[in-house]
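A closer look at the structure
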Amino acid sequence: MHASFDLIEAGVVGLIKPTTVYTYGEMEKAFSIMEKAEHMGKLILKSDPKDLVPAIPRNPHPLKLKEDATYVILGGLGGIGRFLTLRLAEHGAKNIAFFSRSGDVKPKAKALMQELRDMGVNAISYICDVADSTVFESTMARISNEMPPTKGVIHATMVLNDEDFKTMTYEQWNNTTRNKIQGGLNMHRLMPADLDFCVLMSSIAPIMGNGTQSNYAAGNSFLDGLAWHRRSHNLAACALNFGFIAGIGWAAENVKISDKHRADYDLSSIHPPEVWSMIESAITGFQYKDIPMPPQMGTCAGSGGQAQMMKHIETWMHYNDPKYAYMRQLDVLATGKSPTTTATTIALLRKSLTQTTSLPQAADIVEDAIAAKLSRVMFMAAEDIDTSKPVSVYGVDSLIVTEIRNWIFDVLRSAVGMADLLNAESIAALAVKTAEGSLLVPEEVRREGRE
Ligand SMILES: NC(=O)c1ccc[n+]([C@@H]2O[C@H](COP(=O)([O-])OP(=O)(O)OC[C@H]3O[C@@H](n4cnc5c(N)ncnc54)[C@H](OP(=O)(O)O)[C@@H]3O)[C@@H](O)[C@H]2O)c1
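Treat the numbers as computed from the prediction; the structure is a model and nothing was measured. (Residues numbered from 1 in each chain as written. Predicted model: local features only at pLDDT ≥ 70, side-chain atom pairs only at ≥ 80, totals over all residues.)

**Here we look at the overall build of the chain**
For clarity, the cut-off: The secondary structure listing takes helices from DSSP runs of H or I that are at least 4 residues long and strands from runs of E that are at least 2 residues long, numbered from the N terminus. Computation of the radius of gyration draws on C-alpha atoms, with the globule rule given as 2.2 Å multiplied by the number of residues to the power 0.38. By the convention adopted here, residues are in contact when the distance between their C-beta atoms, placed from the backbone, does not exceed 7 Å.
The number of helices and strands found in the chain is 20 helices and eleven strands. A compact globule built from 451 residues should have a C-alpha radius of gyration of about 22 Å, whereas the chain, at 29 Å, is more than 25% larger. Referenced to the eigenvectors of the C-alpha coordinate spread, the extents of the chain come out at roughly 100 × 70 × 40 Å. Contacts in the chain between residues far apart in sequence, at least 24 positions, make up 71% of those at least 6 positions apart.

Structure below.
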């Protein structure tokens, strides 16, 4: 450094020229010029008292966890639990207890425990089925002997058994609900009353409904209600109704869906930083500035604008429900280039039927259309409709059968009867019958079916 200044003072080297001066208020412009590497000389930033600069407001309620407290994460060795536990450690947690049925045997769980220990966290995994009150109670007794006082809990257990309600077994119902209902109740009764926070990881399923997840919706509904109940008794609680979580957790690790479908959901899904932001708010009790967190907060319902962006999705299944009429209109671009309205979808469907050259081709188009219609009226995800099964397995009632029959008549221009609809051995077979009778399918193609 001395040598450099000596050279400058001796006039051997000079300042780099030209110099262009920007104020801090113009910082963005300066960096953008520098990024393009088109400038000569040096860009200089100079402060000016009149500068207006963008700044992130200070969080008045930063999360600072207690070093001498224990934080209990029920189901914390699952996908989301592992993610949020690391965030807790980064915010000062030094004692973390995990409750799960299988403990830390799986490689990812083992790796997390090691990572936490490397961060100086006293992380202990307890084998505890949260739905079993005796085991829960004895685990709490162990914790109070082995760890500092429990000051916070996150309920993040989950077991999925998706099935249509009509065909769901008691085991499927019970396996999915017990960790949320009995597990939630045990947590409420057996955890200390003076918790600083109690975060209940719920789902959008109890709000939006989902044809094959009545058990999951019921379990999470219980947690939502528990949050309201606790808050009405001045006990800490906040239920978070998450939708599809991208990147972490069960859905990211297990769901076998096409990239296209994943991309669709990606638009309405929530990503790890936002997940953490909601959990952080639920822990501190404040959502923004001094605005308190309500007992329950939902996310990922999606808006009409998002549905509009996913051009090939006519509407999301829940948008047929008048309760969501407002959300259906939300964000929709009035001048959007290609809003996918029901009318345009129907027009495309009809056009493709008029252009078919074989009956199987027409039947394929009709099969997809009937499956999509059924998924909407039954509030189910389209991929849950198995067209090798009859319509009746989806628990349709006479009103719905009438609606589908009228829709087929109106949109597909085919007169199938109620009996055809109910007695067809599969949706695929119904599609063939519908295509054979559709006035949109060219006559020579339909004749092929009759011969
Ligand atoms: N992933 C998503 O997209 C998503 C979306 C909305 C809401 N959520 C909510 O987020 C939370 C975490 O989900 P995730 O994706 O992390 O699920 P996950 O990976 O399946 O983890 C759930 C954990 O719960 C534990 N568990 C299940 N039953 C239990 C019981 N009776 N007692 C103790 N532990 C039990 C499981 O461990 P053992 O098998 O070892 O017991 C498992 O590790 C859940 O509350 C879920 O409802 C997730």
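Now that the structure has been shown, the text picks up again.
**Description of the sheet that holds strand 6 (residues 150-155)**
Filter applied, for reference: Each pair of strands is called paired provided DSSP finds at least two bridges between the two strands. Under this scheme, a helix contributes an axis fitted over its contacting stretch, all axes are lines through C-alpha atoms, and angles between N-to-C directions fall in the 0 to 180 degree range.
The seven strands lie next to each other as 5-4-3-6-7-8-11, forming an open sheet whose pairing is parallel. Of all the strands in the sheet, the pair left with one neighbour each is strand 5 (122-127) and strand 11 (296-298). Going across the sheet, the axis of each strand differs from the next one's by a mean of 15°, ignoring polarity. Here strand 6 pairs with strand 7 (residues 197-203) via four bridges, running parallel. Bridge pairing in strand 7 places valine 153 opposite cysteine 198. Sheet strands in contact with helix 9 (residues 214-232) are strand 6, strand 7, strand 8 (238-242) and strand 11, and its direction is about 150° off that of strand 7.

**Looking at the nonpolar core**
Here is the rule: The term nonpolar core refers to a group of buried residues, namely Ala, Val, Leu, Ile, Met, Phe, Trp, Tyr and Cys, whose C-beta atoms join them within 7 Å. Here the C-beta atoms are placed from the backbone, and a residue counts as buried if at least 20 other C-beta atoms lie within 10 Å of its own, exposed if 12 or fewer do, and partly exposed otherwise.
Ile96, Val199 and Leu200 are the most contacted members of the largest nonpolar core, which has 68 residues in total. Residues Ala363, Leu421, Ile427 and Ala435 belong to the second largest nonpolar core, which totals 28 residues.

**Some details on the site of the ligand**
Rules: We call a residue near a molecule or strand when the C-beta position, derived from backbone atoms, sits within 6 Å of it. For this classification, the nonpolar set comprises Ala, Val, Leu, Ile, Met, Phe, Trp, Tyr, Cys and Pro, the charged set comprises Asp, Glu, Lys and Arg, and every other residue, Gly included, is treated as polar.
The full set close to the ligand counts 28 residues, and Gly75, Gly78, Arg101, Ser102 and Gly249 are the nearest of them. Mapped onto the shell around the ligand, the elements with two or more residues apiece are helix 3 (79-90), strand 4 (95-100), strand 7 and helix 10 (249-254). Classifying every residue of the shell around the ligand by side-chain character gives 15 nonpolar, eleven polar and two charged.

**Some remarks on the domain arrangement of the chain**
Note the threshold: Domain limits in this description derive from either an automatic procedure or a database domain assignment.
By domain assignment, the chain separates into domain 1 (16-55), domain 2 (70-301) and domain 3 (342-450). Of note, the centres of domain 1 and domain 2, computed from C-alpha atoms alone, are 47 Å apart.

**Some remarks on the packing of helix 6 (residues 170-177) against helix 9**
Condition: Crossings are assigned a handedness: left-handed for a near helix turned anticlockwise from the far helix by less than a right angle, right-handed for a clockwise turn.
Where helix 6 contacts helix 9, the two axes come as close as 8 Å, and the packing angle between them is 35°. Here helix 6 runs over helix 9; the crossing is right-handed. Residues Gln172, Trp173, Thr176 and Thr177 of helix 6 pack against Asn215, Tyr216, Ala218 and Gly219 of helix 9.

**Thoughts on the pairing of strand 4**
Successive residues of a regular strand alternate their side chains across the two faces of the sheet. Note the threshold: Look down the strands so they point away from you; if the path from the first strand over the helix to the second goes clockwise, the crossover is right-handed.
Counting buried residues in strand 4 gives six out of six residues, a clear majority hidden from the surface. Alignment of strand 3 (residues 70-74) against strand 4, held across four bridges, turns out to be parallel. Bridge pairing in strand 4 links valine 72 to alanine 97. For the crossover that starts at strand 3, traverses helix 3 and ends in the parallel strand 4, the hand is right-handed. By the bridge criterion, six bridges tie strand 4 to strand 5 in an arrangement that is parallel.

**Some points on unusual backbone geometry**
The backbone of lysine 289 shows a phi angle near 45°, a positive value even though the residue is not glycine. Relative to the elements of secondary structure, lysine 289 occurs in the loop between strand 9 (286-288) and strand 10 (291-292). Among the residues examined, lysine 289 registers 9 C-beta atoms within 10 Å and is labelled exposed. Non-glycine residue arginine 413 carries a positive phi angle of around 55°. The residue arginine 413 is located in the loop between helix 17 (398-411) and helix 18 (418-423) in this model. We classify arginine 413 as partly exposed; it has 15 C-beta atoms within 10 Å.

**Some remarks on helix 17**
Where we set the bar: What a helix should span is 1.5 Å times the count of its residues minus one.
For helix 17, which comprises 14 residues, the first-to-last C-alpha distance of 20 Å matches the rise-based estimate of 20 Å (1.5 Å per residue) to within 8%. Phi turns positive one or two residues past the end of helix 17, at arginine 413, with a value near 55°.

**What to know about the environment of lysine 110**
Position of lysine 110 among the secondary structure elements: in helix 4 (residues 107-118). The class of lysine 110 is partly exposed, set by 14 C-beta atoms lying within 10 Å. Residues lysine 110 and valine 153 lie 43 residues apart in sequence; the distance between their C-alpha atoms is 21 Å.

**Concerning the environment of glycine 92**
By secondary structure assignment, the location of glycine 92 is in the loop between helix 3 and strand 4. On the neighbour-count criterion, glycine 92 (13 C-beta atoms within 10 Å) is partly exposed. Apart from residues no more than four positions distant in its own chain, glycine 92 is found in contact with Lys64, Leu65 and Glu67.

**What to know about the confidence of the model for the chain**
For clarity, the threshold we go by: pLDDT measures the predictor's confidence residue by residue and takes values from 0 up to 100.
Mean pLDDT over the chain works out to 87, with 91% of the residues at or above the 70 mark. Within the model, the stretch residues 336-340 combines pLDDT values under 50 with ten contacts to residues more than four positions away or in other chains.

**Topic: helix 16 (residues 359-377)**
The α-helix advances 3.6 residues per turn, and as a result positions three or four apart in sequence lie on the same side. An ideal rise of 1.5 Å per residue puts 27 Å on 19 residues; helix 16 measures up with 27 Å between its terminal C-alpha atoms. Listed as buried for helix 16 are Ala362, Ala363, Ile365, Val366, Glu367, Ala369, Ile370, Ala371 and Leu374. Downstream of helix 16 by a residue or two, phenylalanine 379 has a phi angle that is positive, lying close to 55°.

**Some thoughts on the environment of valine 275**
When you line up the elements, valine 275 lands in helix 12 (residues 272-284). For valine 275, a count of 24 C-beta atoms within 10 Å translates into the label buried. Once the C-alpha coordinates of valine 275 and serine 32 are considered, the two residues, 243 residues apart in sequence, prove to be 31 Å apart. In this structure, valine 275 is in contact with Phe242, Ile245 and Ile270, ignoring residues within four places of it in sequence.

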